[in-house]
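Results of the structural survey
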Amino acid sequence: MEKISEIISLVANLFTIGASGIALYLFFFQRGKISNAFNLLLNYSTQLTLSELKSKLDRLNHFNANDTKQKEEVINILHEIQGQTTGNLFLKENLNNIIEKIEGFIEKPKNLTEPRKRSLVHELRESIRNLDFDSYNKIIKK
């Protein structure tokens with residue numbers, strides 16, 4: 001029984017050495033491909049976040065900020081957008097001006113009118129489009 005245990009231990013150790021060798025080979029000689037795979041995952045995550053923001057903008061367009069009943073929903077959606085953008089360092093850095101505008105409307109909802117809401121939506125949509133384009137551009141360049 002001890003002989004079988006020693007053989008199993010030896011085989012396990014050989015597999016461990018083999019797996020370590022493969023890992024070292026990949027690390028030293030395939031570093032670029034591994035880096036590209038991680039960058040692709042990060043860009044995919046960014047694409048998901050930008051898609052969610054686009055859907056929130058579409059929801060925001062369905063409400064009128066001049067209607068007192070709908071204004072509350074507009075403010076709630078602005079809160080969602082603010083939370084999502086400030087919780088993401090990439091978006092926080094790139095959308096800082098828009099985040100400040102959103103915070104201003106959240107703090108003083110009386111200043112939010114339908115034309116200002118539309119302007120904010122279009123500004124945010126264009127900024128998202130540029131971030132989306134930059135994200136694809138990074139994938140293509142690598």
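Heads up: these notes are all about the structure in this document. Quick caveat, the model's predicted, so the values are computed rather than measured.

This part is about the packing of helix α2 (residues 31-61) against helix α3 (residues 68-86). The description of two helices packed together rests on the angle between their axes and the distance between the axes. Axis separation between α2 and α3 bottoms out at 10 Å; the angle between their running directions is 165°. The angle between α2 and α3 places the two elements in the roughly antiparallel class. As α2 packs across α3, the resulting crossing turns out to be left-handed. Between α2 and α3, the contacting residues are Thr49, Glu52, Leu53, Lys56, Leu57, Arg59 and Leu60 on the first element and Glu73, Val74, Ile77, Leu78, Glu80, Ile81, Gln84 and Thr85 on the second. Looking at the contact of α2 with α3 residue by residue, the classes come out as 7 nonpolar, 3 polar and 5 charged.

Attention now moves to helix α1 (residues 2-29). Taking 1.5 Å of rise per residue, the 28 residues of α1 would be expected to cover 40 Å, and the 40 Å separating its terminal C-alpha atoms lies within 8% of that figure. Within α1, only 0 of the 28 residues are buried, which leaves it mostly out in the open.

Attention shifts here to a nonpolar patch on the surface. Among the surface-exposed residues, Ile22, Leu24, Tyr25, Leu26, Phe27, Phe28, Phe29, Ile34, Phe38 and Leu41 lie close enough to one another that they form a single nonpolar patch of about 1,100 Å² accessible area. Those elements that provide at least two residues to the nonpolar patch are α1 and α2. Counting residues per element, the nonpolar patch draws most heavily on α1, which supplies 7 residues.

Calculation criteria
Note on numbering: residues in each chain are counted from 1, in written sequence order. Note on the predicted model: pLDDT of at least 70 is required for a residue's local features to be given, and 80 or more for side-chain atom pairs to be given and counted; whole-chain, interface and lining totals, by contrast, use all residues. Calculation of side-chain values draws on the structure's entire complement of heavy atoms; hydrogens and water are dropped beforehand. Here the axes come from fitting lines to C-alpha atoms, over the contacting stretch only for helices, and the angles between their N-to-C directions go from 0 to 180 degrees. The numbering of helices and of strands both runs from the N terminus, where a helix is a DSSP run of H or I of at least 4 residues and a strand a run of E of at least 2. Oblique is the label for any angle not under 35 degrees, not over 145, and not in the 65 to 115 range, which are roughly parallel, roughly antiparallel and roughly perpendicular in turn. Crossings are sorted by hand: turned counterclockwise from the far helix by less than a right angle, the near helix makes the crossing left-handed, and turned clockwise it makes it right-handed. Between two residues, a contact is recorded if the distance between any of their heavy atoms is within 4.5 Å. Residues were grouped as follows: Ala, Val, Leu, Ile, Met, Phe, Trp, Tyr, Cys and Pro as nonpolar; Asp, Glu, Lys and Arg as charged; and all remaining residues, including Gly, as polar. Here a helix's expected span is defined as the number of its residues, less one, multiplied by 1.5 Å. Categorising residues by exposure relies on relative accessible area from a 1.4 Å probe, with only protein chains included: less than 20% of the type maximum marks a residue as buried, more than 50% marks it as exposed, and the intermediate range marks it as partly exposed. For patch detection, residues must exceed 30% relative accessible area and be free of salt bridges, and they are connected within 9 Å for like charges or within 5 Å for nonpolar side chains (Val, Leu, Ile, Met, Phe, Trp, Tyr). Accessible surface area values rest on a Shrake-Rupley calculation with a 1.4 Å probe, where residue burial reflects the displayed protein chains alone. We define a salt bridge as a side-chain nitrogen of Lys or Arg found within 4 Å of a carboxyl oxygen belonging to Asp or Glu.

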